[in-house]
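Chain by chain, the residues run as shown.
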Amino acid sequence: MEVRRLKVEEFQLVHEMDAKNVKEPESSASASPSGRIEIISMDPLEMELDFIGYDIAIINAYRRITLAEVATMAIEKVYMYNNTSIVQDEVLAHRLGLVPLKVDPRFFEFRNKDETEWGAQDSVKYELNVRCTKNQEASTNETNPDVLYVHRKVLSSSLKWIPLGNQPDIFQEASMQPLHQDVLLAKMNNGHEINLEAYAVKGIGSDHAKFQPGMCWYRMLPEIELTREVEGKQADLLQTCFSPGVIDIVTTANGKRIAKIKDARNDSCSRNVFQHDSIKDAVKLTRKTDHIIFYIESHSALKSYEILEEAVKIMSTKCDMLLGEIEKHLETPMET
């Protein structure tokens with residue numbers, strides 16, 4: 001029986017016998033031995049960055065942590081006192097739970113499941129009291145129900161924050177509102193009424209998808225190689241087979257129009273080129289396995305880069321825990 005030795009390097013467990021089959025990342029004067037990270041674009045809602053020279057398992061770990069373990073706040077309990085709208089109580093409660101909130105989860109603790117009281121340190125209270133009435137100022141010829149009735153549509157802006165304990169001393173009302181004010185919760189007719197209390201708590205995506213801070217995905221950097229010169233109508237056809245910005249048509253000094261690779265990064269990997277017998281032999285499509293394009297899109301109180309920061313902290317804690325457990329089974333302490 002062959003024994004496989006494992007070693008810990010940069011928080012990566014690598015089979016020594018398989019190391020010779022792993023393609024080493026291209027060397028760069030600015031790159032560290034373990035790879036480098038380049039930020040392509042970043043704003044509060046979206047972030048795009050490149051992991052170069054990293055094992056894809058590490059990138060996937062960040063993706064999984066982002067979706068399953070980065071905490072946010074969401075409505076968990078709803079006390080329905082009156083609901084005469086056509087939306088059933090359980091459906092309305094479910095819709096409330098999916099409304100993203102501006103509340104920063106880093107200021108709150110996880111709620112103990114055995115707790116019976118709603119505390120300022122782990123809960124946020126909201127009230128929804130709306131009644132649909134006839135608009136007295138509407139024209140007699142008006143037929144639009146949204147104009148004929150007041151509160152015909154119940155939106156997330158109708159949720160009112162009710163402070164608990166010392167929350168007014170810590171938070172401003174603007175930071176405790178729903179992230180979007182125009183989320184449709186229900187529609188009502190004249191005389192319908194909704195009266196309820198809702199409590200938001202801190203949670204993670206592995207408990208329920210409503211706690212996910214945003215979307216997170218990655219892809220390998222596409223590589224496109226032209227194996228022969230493609231000109232004229234074939235060049236135009238080749239350009240249509242790829243996403244905009246991937247293939248460029250240039251005119252040479254002797255007047256020939258030929259296809260050139262402009263930016264393979266924009267390729268969506270549709271492989272449409274292989275549908276055409278006349279040009280499918282002119283292209284070689286591959287992906288760079290040690291160059292990962294990583295995306296984060298926020299739909300919570302956390303900004304895109306704050307989501308990644310929280311994921312890195314969780315990953316670091318897991319690594320410390322793993323190294324601590326390994327040290328317990330070693331005769332000498334491990335260098336970190």
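Nothing here was measured: the structure is a model prediction, and the numbers come from that model.

(A) A look at the overall build of the chain. Assigned secondary structure in the chain consists of six helices and 16 strands. Here the chain, with 336 residues, has 37% of them falling under the buried criterion. Residue pairs at least 24 apart in sequence account for 72% of intrachain contacts in the chain once pairs closer than 6 positions are excluded. Here the chain displays about 20300 Å² of accessible surface, and carbon together with sulfur accounts for 49% of that area.

(B) Representation of a nonpolar patch on the surface in the model. On the surface, Ile39, Met42 and Tyr305 cluster together to form a nonpolar patch covering roughly 280 Å² of accessible area. Inspection of the secondary structure puts Ile39 in strand S3 (residues 36-42). Ile39 gets classed as exposed once you look at its relative accessible area, which sits at 51%.

(C) Molecular detail of the layout of surface pockets. When its volume is computed, the second largest pocket comes out at roughly 370 Å³. Lining the second largest pocket are 16 residues, and of these Glu76, Arg111, Lys113, Val201 and Lys202 lie nearest its centre. A total of three residues in the lining of the second largest pocket trace back to one element, the largest contributor, which is strand S12 (residues 193-203).

(D) Molecular detail of the sheet that holds strand S6 (residues 124-131). Across the sheet, which stays open at both edges, the four strands sit in the order S5-S12-S6-S10 with antiparallel pairing between neighbours. Across the chains shown, the open sheet's two edge strands, defined by having one partner strand only, are strand S5 (72-83) and strand S10 (160-162). Going from strand to strand, the sheet's axes swing by 30 degrees on average, the running direction of each strand aside. Note: S6 against S12, eight bridges, orientation antiparallel. Across the sheet, residue Val130 finds its bridge partner in S12, namely Ile194. Packing against the sheet, helix H2 (residues 89-97) makes contact with S5 and S12, and its axis sits at approximately 155 degrees to S5.

(E) Fine view of the nonpolar core. Counting 26 residues, the largest nonpolar core has Val103, Val124, Tyr126, Leu128, Val154, Met176 and Ile194 as its most contacted members. Among the secondary structure elements, those contributing two or more residues to this core are S5, H2, S6, strand S11 (184-187) and S12. Not counting the four nearest positions on each side in its chain, Val154 is found in contact with Leu128, Val130, Val183, Leu184, Leu185, Ala186, Met188 and Ile194. Counting 22 residues, the second largest nonpolar core, distinct from the first, contains Ile296, Leu302, Met315 and Cys319.

(F) Representation of the sheet that holds strand S4 (residues 46-52). Taken in spatial order, the four strands make up an open sheet running S3-S4-S16-S13, and their pairing is antiparallel. Edge positions in the sheet fall to S3 and strand S13 (214-226), since each of these pairs with one other strand and no more. Recorded for the sheet is a direction-independent mean angle of 30 degrees between the axes of neighbouring strands. In terms of strand pairing, S4 meets strand S16 (residues 283-298) through seven bridges, oriented antiparallel.

(G) Region of interest: the packing of aromatic side chains. For the coordinates displayed, the defined rule picks out eight aromatic pairs. Ring plane angle 15 degrees and centroid distance 4.4 Å describe the contact between Trp118 and Tyr199, whose orientation is recorded as stacked. You can see Trp118 sitting in the loop between H2 and S6 and its partner Tyr199 sitting in strand S12, a full 81 residues away along the chain. Taken as a pair, Trp118 and Tyr199 share a single burial class, namely buried. A ring pair is formed by Trp217 and Tyr295, whose centres lie 5.1 Å apart and whose planes are at 15 degrees; its orientation type is stacked. Of this pair, Trp217 sits in strand S13 while Tyr295 is found in strand S16, placing the two residues 78 residues apart along the sequence. For Tyr295, a relative accessible area of 14% corresponds to the buried category. Members of the aromatic cluster, each reached through a chain of ring pairs, are Phe51, Tyr54, Tyr62 and Phe294. Taking the ring centre of Trp118 as reference, the NZ or CZ of Arg111 above it sits at 3.8 Å.

(H) Region of the structure containing the side chain of Gln167. Here Gln167 lies in helix H4 (residues 167-170). A relative accessible area of 0% places Gln167 in the buried class. If we ignore the near neighbours within four places in the chain, the residues touching Gln167 are Phe108, Ala120, Ser123 and Trp161.

(I) The confidence of the model for the chain, seen in detail. Taken as a whole, the chain shows an average pLDDT of 88; of its residues, 88% reach a score of 70 or greater. Below a pLDDT of 50 lies the segment residues 27-32, which in the model reaches three contacts outside its immediate sequence neighbourhood of four places, other chains included.

(J) Just the packing of helix H1 (residues 56-68) against helix H6 (residues 304-328), in detail. At a minimum axis separation of 9 Å, H1 and H6 run at an interaxial angle of 110 degrees. Relative to H6, the element H1 is oriented roughly perpendicular. Seen along the crossing, H1 lies across H6 with a hand that is right-handed. Facing H1, whose interface residues are Ile58, Ala61, Tyr62, Ile65 and Thr66, H6 presents Ile307, Ala311, Val312, Ile314, Met315 and Lys318.

What counts and what doesn't
- Residues numbered from 1 in each chain as written.
- Predicted model: local features only at pLDDT ≥ 70, side-chain atom pairs only at ≥ 80, totals over all residues.
- Heavy atoms only, no water.
- Helix = DSSP H or I, 4+ residues; strand = E, 2+ residues; numbered from the N terminus.
- Buried < 20%, exposed > 50% of the residue type's maximum accessible area, 1.4 Å probe, protein only.
- Contact = heavy atoms within 4.5 Å.
- Areas by Shrake-Rupley, 256 points an atom, 1.4 Å probe, with all protein chains shown as cover.
- Patch = residues over 30% accessible without salt bridge, like charges linked within 9 Å, V, L, I, M, F, W, Y side chains within 5 Å.
- Salt bridge = Lys/Arg side-chain N within 4 Å of Asp/Glu carboxyl O.
- 1 Å grid on protein atoms, 1.4 Å probe; cavity = no way out; pocket = protein on both sides within 12 Å on 5 of 7 lines; lining within 4 Å.
- Points joined across faces, edges and corners; volume = space filled by probe spheres on them.
- Pairing = 2+ DSSP bridges.
- Axes fitted to C-alpha atoms, helices over the stretch in contact; angles between N-to-C directions.
- Core = buried A, V, L, I, M, F, W, Y, C linked by side-chain atoms within 4.5 Å.
- Phe/Tyr/Trp six-rings, centres within 6.5 Å; stacked < 30°, edge-to-face > 60°.
- Lys NZ or Arg CZ within 6 Å of the ring centre and 35° of its normal.
- pLDDT = per-residue confidence, 0-100.
- Parallel < 35°, antiparallel > 145°, perpendicular 65-115°, else oblique.
- Left-handed = near helix turned anticlockwise from the far one by under 90°.

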